[in-house]
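Listed here are the chains, written in short residue letters.
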Amino acid sequence: MSTIVFLHAHPDDETSQTAGMMALAARGGHRVVTVFATDGDHGERPDDLGPEGDLVEHRREEARAAAAVLGVARIDWLGYRDSGMTGWDQNDDPLCLHRADVDEAAGLQGGQDGGPDQPNGHPDHIAVHRIARRAVETAARRPRLVEATTNRDAQLEMLDSPEAAEFLRSLAAGGMDLDLDRIRQAILTGDDGLPIGVAESEITWAIDLPPDVVELKRRAMACHASQTSDIGMMLAFPPDIYAVAFGTEYLIEPGGDGPMRHGWPFG
């Protein structure tokens, strides 16, 4: 039994990036811990919460529900404020993650097996990448570090697949105004205009999720229902396209040798 820690910037990031691994690790007897660096207070506010409702507590409750679906043993919060998107005024908040002292935040995270998102342009995702690496460097007992990412080659292949084309045609038939180039940009490009994910040649591990775990991942994602622009879009995928888009999770292991191998990295 190992303790595997998954560090993410915001509540809901875990469900699109590492939920399948979390479920498989818990099923295999490992102790799974999720750490959220921010409180997600700049996420979308659901209509039923009202102007006086506590969005932070609402999102924490969503995270707890998702954790229960996946078998997560514990959730920790580093306590930083959400930095918002690139260029927002919130980037300058002295209490936001973007402005956090890396050594201080790394001390809060501690060093345990597992890892963060690869940076993708979002200020908080860049921050957790730096914090996790610093936590590993300063840990008294150096843990193993792996970093979640997305496979740009697989994303491009998925976007060009007949299934995706049929899905887009069905949306267009329903009256939705579609711009395929804009959809591709949204999937492949971060809010700062830089690419999301890496080429397959840079990836160490591909974890292919069995169908029942893909379904668990989808259920966990649905727990974050307040975030309609991202989670809602993902959940709109038909099951077959969802399985293609989210049925494999990817890790970079710094110092690991290529080529990418399919398997289970946590032995």
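Above this text sits the structure in question.
So, here's what we can say about the structure.

Rules used in this analysis
- Residues numbered from 1 in each chain as written.
- Predicted model: local features only at pLDDT ≥ 70, side-chain atom pairs only at ≥ 80, totals over all residues.
- Heavy atoms only, no water.
- Core = buried A, V, L, I, M, F, W, Y, C linked by side-chain atoms within 4.5 Å.
- Buried < 20%, exposed > 50% of the residue type's maximum accessible area, 1.4 Å probe, protein only.
- Helix = DSSP H or I, 4+ residues; strand = E, 2+ residues; numbered from the N terminus.
- Contact = heavy atoms within 4.5 Å.
- Axes fitted to C-alpha atoms, helices over the stretch in contact; angles between N-to-C directions.
- Parallel < 35°, antiparallel > 145°, perpendicular 65-115°, else oblique.
- Nonpolar A, V, L, I, M, F, W, Y, C, P; charged D, E, K, R; others polar.
- Phe/Tyr/Trp six-rings, centres within 6.5 Å; stacked < 30°, edge-to-face > 60°.
- Lys NZ or Arg CZ within 6 Å of the ring centre and 35° of its normal.

1. Examining the nonpolar core
Right, so step 1: Counting residues in each nonpolar core, the largest one holds 34 residues, and the members touching the most others are L70, I207 and L251.
Right, so step 2: Those elements that provide at least two residues to this core are β1 (3-8), α2 (19-27), α3 (55-70), β6 (205-208), α9 (211-222), α10 (228-235) and α11 (239-246).
Right, so step 3: Top contributing element to this core by residue count: α2, with 6 residues.
Right, so step 4: For L70, the contacting residues outside a window of four places in its chain are A19, M22, A23, A26, L216 and A220.

2. Quick notes on the packing of α9 against α11
Right, so step 1: Following both chains from N to C, one finds α9 and α11 inclined at 95°, their axes separated by 10 Å at the closest point. In terms of axis orientation, α9 runs roughly perpendicular to α11. The residues of α11 that touch α9, namely those facing V214, K217, R218 and M221, are P239, Y242, A243 and F246.
Right, so step 2: Across the contact of α9 with α11, the residue classes break down as 6 nonpolar, no polar and 2 charged.

3. Quick look at the packing of aromatic side chains
Right, so step 1: On inspection of all chains with the given rule, the structure shows 4 aromatic pairs.
Right, so step 2: Aromatic pair F36 and W77: ring centres 4.9 Å apart, planes at 35°, arrangement tilted. Of this pair, F36 sits in strand β2 (residues 31-38) while W77 sits in strand β3 (residues 74-80); the two residues are 41 residues apart in sequence, bridging distant segments of the chain.
Right, so step 3: Overall, the relative accessible area of 1% leaves F36 in the buried class.
Right, so step 4: Ring-pair connections join several aromatic residues into one group, and the members of that group are F237, Y242 and F246.
Right, so step 5: Geometry around W77 places R60 over its ring, the cationic atom sitting 4.4 Å from the centre.

Geometric values such as these leave the question of function open.
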